[in-house]
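# Structural overview for review
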Amino acid sequence: MSHLMRVITRKMSTSRGIEKVVVIGGGLMGAGIAQVAASSGFRVTLVEINEQLVEKAKANIQKSLGRVAKKQFKDDEGAQNGFISTTLGRLDATCNLTDAVRDTDLVIEAIVENMKVKHDLFAKIDSVAPQHTIFASNTSSLSITEIASITKRTDRFGGLHFFNPVPVMKLLEVIRTESTSDDTYKKMMDFGQGMGKVCITCKDTPGFVVNRLLVPYLAEAVRLYERGDASAKDIDIAMKLGAGYPMGPLELADYVGLDTTRSVLSGWHEKFPENPLFRPIETLDKLVQEGKMGVKSGEGFYSYKK
């Protein structure tokens, strides 16, 4: 679907609900969500905790928009500049959280994967945001039901799990809890489709669809390596050439972040200690304790130091 058609689709969907969006958290995920929403025609306010992080998020979005524009409009510099200018014109950034949520249709939280921090955030804005405002979390591993429990709008609460990098990855997991109303679910689906995403639906189950399958797969690869059954390189080659995967599981774990993978497993093990797929892995614990987090730290199962 062309950019023009996406904007037309967006206008059709937002006429039934969501037009103004607040994204809380300006890291890779939050900035990516804000960027794609703004480029799809939504009015977006990005919230960070201080001015320095606000400016950093804005700079990253502008740089990312430049890449998207060059790819989308090839050698048409005028179209590139127009796309960037129009998108930035729909995007504000601030560190004033309460002011940002006073007039919005949707709040998307994309902050640290910590239940207490998320509870503190939603408790703070629940009484400030308009009654009709939908709250959503971009969490990849925590319970949407538990996050929503701190609010008085559990019927207007769901999950919108985007994938990194947001401007590239087409999938959006739309999560509905037992309390999420049909109207809220429909508006979230309309919003995702208006951003040009392929939307799938999942119940509020650990890891939803992708991570519920992916994290145990990565963990089993680490256990295979830990037992000495095969080398890291051979495990990755096996899955790339034998299963047609673009990356091997240990390469992917390094890319995701070994600390992130370990954190997800730990959280699930704590809640579901009887499930052997979620049990802790000594090798993973050791690598994280040594500061070997994968690509971002320069070393994990492989070295990325130049």
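Higher on the page you've got the structure.
Residues numbered from 1 in each chain as written. Predicted model: local features only at pLDDT ≥ 70, side-chain atom pairs only at ≥ 80, totals over all residues. Heavy atoms only, no water.

### A short note on the overall build of the protein
Here is the rule we go by: A run of DSSP states H or I qualifies as a helix once it reaches four residues; a run of E qualifies as a strand once it reaches two. Both are numbered from the N-terminal end. Only C-alpha atoms enter the radius of gyration; for comparison, a globular chain is expected to reach 2.2 Å times N to the power 0.38, where N is the number of residues. Partly exposed residues are those whose accessible area sits between 20% and 50% of the maximum for their type, while under 20% is buried and over 50% is exposed, using a 1.4 Å probe and protein chains only.
Helix and strand content of the protein: 13 helices and 8 strands. Expected size for 306 residues packed as a compact globule is a radius of gyration near 19 Å; at 20 Å, the protein falls within 12% of this value. Along the first, second and third principal axes, the C-alpha set of the protein runs to 55 × 50 × 35 Å. With 306 residues in all, the protein has 46% of them scored as buried.

### Topic: helix α2 (residues 28-39)
The condition that has to hold: To estimate the expected span of a helix, subtract one from its residue number and multiply by 1.5 Å.
Compared with an ideal rise of 1.5 Å per residue, which puts 12 residues at 16 Å, α2 spans 16 Å between its outermost C-alpha atoms and is within 8% of the ideal. For α2, a buried count of 11 out of 12 residues is recorded, marking the element as mostly surrounded by other parts of the structure. Listed as buried for α2 are M29, G30, A31, G32, I33, A34, Q35, V36, A37, A38 and S39. In the stretch just after α2, G41 is the one whose phi turns positive, near 110 degrees.

### Regarding the packing of aromatic side chains
Test applied: In this analysis, rings of Phe, Tyr and Trp, with Trp reduced to its six-membered ring, are considered paired at centre separations within 6.5 Å, and the interplanar angle assigns stacked below 30 degrees, edge-to-face beyond 60, and tilted for intermediate values.
Applying the stated rule across the entire model yields 9 aromatic pairs. Here the aromatic rings of F122 and F157 are separated by 4.9 Å at their centres, their planes lie at 65 degrees, and the arrangement is edge-to-face. Of this pair, F122 sits in helix α6 (residues 115-126) while F157 sits in strand β6 (residues 157-161), and the two are 35 residues apart along the sequence. With relative accessibility at 0%, the residue F122 sits in the buried group. Considering the side-chain rings of Y217 and Y245, the 5.6 Å spacing of their centres and the 75 degrees angle between planes classify their relative orientation as edge-to-face. In this pair, Y217 is assigned in helix α9 (residues 210-226) and Y245 in the loop between α10 (232-242) and α11 (249-256), connecting sequence segments 28 residues apart. For Y217, a relative accessible area of 21% puts it in the partly exposed group.

### Regarding the side chain of E109
Applicable threshold: The term polar contact refers here to a pair of N or O atoms within 3.5 Å; inside protein, the definition further demands a hydrogen-donor-capable atom paired with an acceptor-capable atom, and it admits residues adjacent in sequence only when both atoms are side-chain atoms. Residue contacts are counted whenever heavy atoms from the two residues lie within 4.5 Å of one another.
Structurally, E109 is set in strand β4 (residues 106-109). Among the polar contacts made by the side chain of E109, one reaches the side chain of S137 at a distance of 2.5 Å. With residues up to four places along the chain from it excluded, the contact list for E109 reads I24, K118, L121, F122, A136, S137 and N138.

### Considerations on the state of the cysteines
Going by this rule: When the sulfur atoms of two cysteines come within 2.5 Å, that pair is taken as a disulfide.
This model, assessed by the stated rule, comprises 0 disulfides. The closest cysteine sulfur to the non-disulfide-bonded C199 is located on C202, 13 Å from its own sulfur.

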